[in-house]
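Chains, contacts and geometry: an overview
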Amino acid sequence: MRLETMHSTSAAPCPWQVCYYPIPNRYQFHRQPLHLSTKPTTPISSPLNCQTHFRNNPFLTLPSTNSCISDQHRKNPDDKREFSQEFCSSIDENGEINKTQRRKSPEGKEEAEREAKGRSSLSTNMWWADFKGALGQRINLEGVVSSVSVLARDRHLALPHVSVPDIRYIDWDELRSKGFRAVVFDKDNTITVPYSLRLWGPLGSSIERCKSVFGDDIAVFSNSAGLYEFDPDGRKARAVEYAIGIKVIRHGVKKPGGTAEEIEKHFGCESSRLIMVGDRPFTDVVYGNRNGFLTILTEPLSLAEEPFIVKQIRKLEVALVNRWSKRGLKPTSHGLLPDAGCCVKDPPPL
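Numbering of residues starts from 1 in every chain and runs along the sequence as written. At least 70 in pLDDT is required for a residue's local features to be given in this predicted model, at least 80 for side-chain atom pairs to be given and counted, and no such filter applies to totals for whole chains, interfaces and linings, which use all residues. Only heavy atoms go into the side-chain values, all of them from the structure, while hydrogens and water stay out.

1. Brief notes about unusual backbone geometry
Here the amide bond leading from Lys255 into Pro256 is cis, since omega sits at 10 degrees, within 30 degrees of zero. Following the sequence through the fold, Pro256 ends up in the loop between β4 (247-248) and α9 (261-267). Positioned with a positive phi, Tyr195 is a non-glycine residue whose angle comes to about 65 degrees. In this text, helices come from DSSP runs of H or I with a minimum length of four residues, and strands from runs of E with a minimum of two, each type numbered from the N-terminal end. With respect to the element layout, Tyr195 can be found in the loop between β2 (182-185) and α7 (204-214). Here the term buried applies to any residue with accessible area under 20% of the maximum for its type, exposed to any over 50%, and partly exposed to those in between, with areas from a 1.4 Å probe on protein chains only. Judged by its relative accessible area of 37%, Tyr195 is partly exposed.

Rendered as structure tokens:
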């Protein structure tokens with residue numbers, strides 16, 4: 001009876017006989033729970049009892065932890081290799097994660113720097129576009145080159161078909177009856193003061209009359225709004241359209257250069273049935289005459305906001321046009337309006 005008790009006791013492991021070592025994660029679900037006998041007859045409640053039984057049985061020895069691990073490895077040599085591989089792989093994975101984290105951190109910084117540079121570049125491009133737009137409105141290099149050609153051999157292109165103080169003197173009904181289909185306005189100093197989005201107040205009634213006669217076939221064609229070079233995203237054009245209620249035609253070449261292709265496409269008719277209204281002889285009038293428009297020259301609405309150099313160029317243009325007219329130079333003839341004077345009227349009282 002005593003021998004049976006000893007054997008049953010020895011079958012239950014003593015607390016210090018349990019061998020602990022790291023187990024790979026994939027083996028966790030094979031792990032069997034350790035069940036200790038709860039029978040009151042099993043004297044394993046303390047290490048002292050275990051030692052007593054071991055002393056009574058000379059054939060039993062207390063194996064050390066090292067020997068336990070060695071036995072396990074001898075019994076399952078593949079487990080050792082698998083454990084080593086698992087342990088090394090876990091180290092490698094942790095190392096790769098750390099490297100990835102270290103790698104991502106500089107990349108994140110570089111990406112943030114690139115985004116910051118992109119925003120700075122966008123802001124710089126917008127600033128540069130605005131600067132070029134302001135400079136281009138003051139110094140029109142295309143206009144200077146064109147002026148040289150006009151002075152040399154094409155002086156008649158600078159002479160308008162009709163000259164009026166402002167658009168209130170234009171008889172829109174008469175022009176419509178002559179066969180004209182649409183009207184194109186310059187913006188600055190023609191229907192607004194320079195660099196303004198607001199229609200000049202006294203011109204409101206004439207613009208409304210023009211709309212009633214030509215309907216939607218009126219537009220703005222300006223070097224300050226709608227030009228791709230100085231207004232790439234079209235925000236200036238949209239601002240003008242919202243402020244004055246007239247469509248702005250986008251175009252790629254500054255007046256007086258370029259063709260009438262964008263305008264003809266917009267209105268769906270040939271340029272000979274279009275009217276160009278502007279305040280600059282060497283810009284608006286030359287462009288209109290080159291492309292077959294009926295050209296109407298107005299006086300500037302205000303010179304107060306114009307830069308000094310623009311004022312001087314304007315004075316020179318007007319002086320040359322007056323001089324050539326006095327010498328008998330005539331503008332190019334227009335088939336729809338042989339007598340230009342018929343479309344001029346006295347403005348209504350304010």
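2. Considering the pairing of strand β5 (residues 274-278)
Strand residues, when the strand is regular, have side chains that alternate between the two faces of the sheet. Burial analysis of β5 places 5 of its 5 residues in the buried class, the great majority of the element. Residues Leu274, Met276 and Gly278 point to one face of β5 and Ile275 and Val277 to the other, with burial holding for every one of them. Strand pairing is assigned whenever DSSP detects at least two bridges linking the two strands. For β2 and β5, the ladder comprises 4 bridges, and the chain directions are parallel. Of the residues in β5, the one forming a bridge with Val183 is Ile275. Where β5 meets strand β6 (residues 294-298), 4 bridges bridge the pair, whose relative direction is parallel. Looking at the pairing, Gly278 lines up with Leu297 of β6. Clockwise travel from the first strand over the helix to the second, with the strands pointing away from the viewer, marks a crossover as right-handed. Handedness of the crossover is the feature at issue here: the chain leaves β5, passes through helix α10 (residues 281-290), returns alongside β6, and the resulting connection is right-handed.

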